[in-house]
Amino acid sequence: MRRNRQNGRWTWHFGLGGEVGSVFWGMVFVEAAFGGYMGIWPLWIEALGAPVTVVGLVIGSSGLLRLAALAPSAILAERFGARRLIVAARVAAGLGMVGAAIATHWTHLFMMVIGSAIGELAFPLAQSHVVAHAGRDRVRAFTLVFTVGPAIAFGLGPLVAGALVSIWGMRAAFIFAALCTAASVAAFSRIERGSRRKSGATETAASTYPEALADPGVRRVLALQVSTIFALALGTTLVPTFLKDERGMDPARVATLGGAAAVGTVLFGLTVARTRRLQAAPFVAIAFAVAFVATGLVAFVRSDAIALIVLAFVLRGGFFSAWALFAAALAVLAPERHRARAFATSEMLGGFAFSLAPVIAGQLYAVRPSLPLVVAATLACALVPLLIRAHVISRRATPVVAPAPEFEPEIA
């Protein structure tokens with residue numbers, strides 16, 4: 001906790017304010033749930049009778065459902081409020097995890113696929129809420145809320161899940177994830193029902209998706225985000241299966257080692273949060289993260305030494321750092337009136353890329369187990385100069401100046 005300098009008290013929101021702090025803890029438990037089952041998700045699908053090509057199809061099948069869930073998110077939030085929608089979305093995700101825990105055949109996992117797709121609705125709404133309450137220091141707030149805190153939970157989640165799996169089997173990981181999701185619902189329910197605008201604040205005209213996509217800064221971020229997420233997901237999705245088939249590791253060990261990815265995410269996130277130059281150049285920070293993941297994928301393919309595999313997992317943590325930094329870049333570059341649609345589009349396209357990649361990875365894995373990792377590493381290396389070029393273009397363009405905060409953060 002962060003100590004208040006005036007009265008010496010410890011604050012549960014780490015100085016982010018009550019509203020942003022509630023989102024922080026909600027995201028912590030969301031990522032704890034994700035980390036709890038992600039490492040064994042492909043192994044569980046396979047254990048329920050699915051061949052490797054179907055494993056990738058099941059993992060990626062939520063892509064279209066995710067698009068259907070996220071498309072109306074901005075409109076629904078304007079009508080029903082962000083808090084109500086976030087809570088409902090995470091409840092649906094939790095029910096899906098319970099469904100996965102009690103499944104006896106891979107065809108029964110439809111509840112998990114649907115629930116996870118609906119659960120993603122919480123992300124653009126949470127991002128918009130943080131932008132509204134974080135003030136001018138948005139990149140730092142995004143880094144702490146969507147990278148550092150969740151990464152710590154993402155590291156602890158696999159450790160707990162690995163211990164549970166070793167005792168009660170893979171079903172225990174999904175029960176643990178469902179409990180973490182219930183905790184995230186409790187945290188998100190603390191955010192305010194409505195928006196408290198400062199007196200004198202002016203209402204902005206409603207935006208549309210075509211108008212948001214017409215903005216060059218928004219288009220640049222989204223194009224690079226889709227390419228990056230697809231490339232990195234292509235290589236990382238079937239790493240657990242690769243380690244089981246090619247390195248002979250059992251599911252409990254794979255789930256435990258997966259927690260090392262969070263170490264890399266935390267280290268990278270803390271570096272960004274403490275370095276003003278990287279905060280001012282999110283595309284450069286993303287380029288570093290992408291290069292780290294590419295290096296980790298090469299290490300997975302080239303070595304069976306446990307030390308190098310652990311290091312590869314640490315470098316893999318750059319994936320989620322990159323994803324969060326794209327959201328931070330969008331918060332800075334997107335005009336205020338387009339932000340809600342820009343975040344929704346970002347989650348839709350990012351989720352589609354994240355869901356499409358496993359389908360392609362499954363086909364490549366059937367040809368040769370190392371092929372999806374090699375192809376992903378090659379694509380990631382090609383993306384690094386494009387990200388650097390995007391940074392140069394963004395510096396040359398007239399930057400969008402972040403307005404004064406519309407909401408007063410509750411700083412103790």
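The preceding data block contains the structure.
Below, the structure is looked at part by part. (Residues numbered from 1 in each chain as written. Predicted model: local features only at pLDDT ≥ 70, side-chain atom pairs only at ≥ 80, totals over all residues. Heavy atoms only, no water.)

**Focus: the packing of aromatic side chains**
Counted according to the given criterion, the structure contains 13 aromatic pairs. Both rings, one in Phe-300 and one in Phe-313, keep their centres 5.0 Å apart while their planes meet at 80 degrees; by these two values the pair is edge-to-face. One end of the pair, Phe-300, is in helix α17 (residues 282–302); the other, Phe-313, is in helix α18 (residues 306–316), and 13 residues separate them in sequence. Relative accessible area serves as the criterion here: at 1%, Phe-300 is assigned to the buried category. Considering the side-chain rings of Trp-323 and Phe-354, the 5.5 Å spacing of their centres and the 55 degrees angle between planes classify their relative orientation as tilted. Taken together, the residues Trp-323 in helix α19 (residues 318–333) and Phe-354 in helix α20 (residues 339–367) connect sequence positions 31 residues apart. With relative accessibility at 22%, the residue Phe-354 sits in the partly exposed group. Linked through ring pairs, Phe-34, Tyr-37, Trp-41, Trp-44, Phe-174, Phe-319, Phe-320, Trp-323 and Phe-354 together constitute an aromatic cluster. (Phe/Tyr/Trp six-rings, centres within 6.5 Å; stacked < 30°, edge-to-face > 60°. Helix = DSSP H or I, 4+ residues; strand = E, 2+ residues; numbered from the N terminus. Buried < 20%, exposed > 50% of the residue type's maximum accessible area, 1.4 Å probe, protein only.)

**Describing the side chain of Thr-345**
With respect to the secondary-structure elements, Thr-345 resides in helix α20. Given a relative accessible area of 7%, Thr-345 falls into the buried group. Polar contacts involving the side chain of Thr-345 include one to the main-chain carbonyl oxygen of Arg-341, which spans 2.8 Å. The residues contacting Thr-345, other than those within four sequence positions of it, are Tyr-209, Leu-213 and Leu-222. (Polar contact = N/O pair within 3.5 Å; in protein donor to acceptor, adjacent residues only side chain to side chain. Contact = heavy atoms within 4.5 Å.)

**Remarks on the packing of helix α13 (residues 239–247) against α18**
Contact geometry for α13 and α18: axes closest at 13 Å, N-to-C directions at 170 degrees. By the criterion of interaxial angle, the relationship of α13 to α18 is roughly antiparallel. Facing Val-239, Leu-243 and Arg-247 of α13, the residues of α18 in contact are Ile-309, Phe-313 and Arg-316. In the contact of α13 with α18, the residues fall into four nonpolar, no polar and two charged. (Axes fitted to C-alpha atoms, helices over the stretch in contact; angles between N-to-C directions. Parallel < 35°, antiparallel > 145°, perpendicular 65-115°, else oblique. Nonpolar A, V, L, I, M, F, W, Y, C, P; charged D, E, K, R; others polar.)

What is shown is where atoms sit, not what they do.
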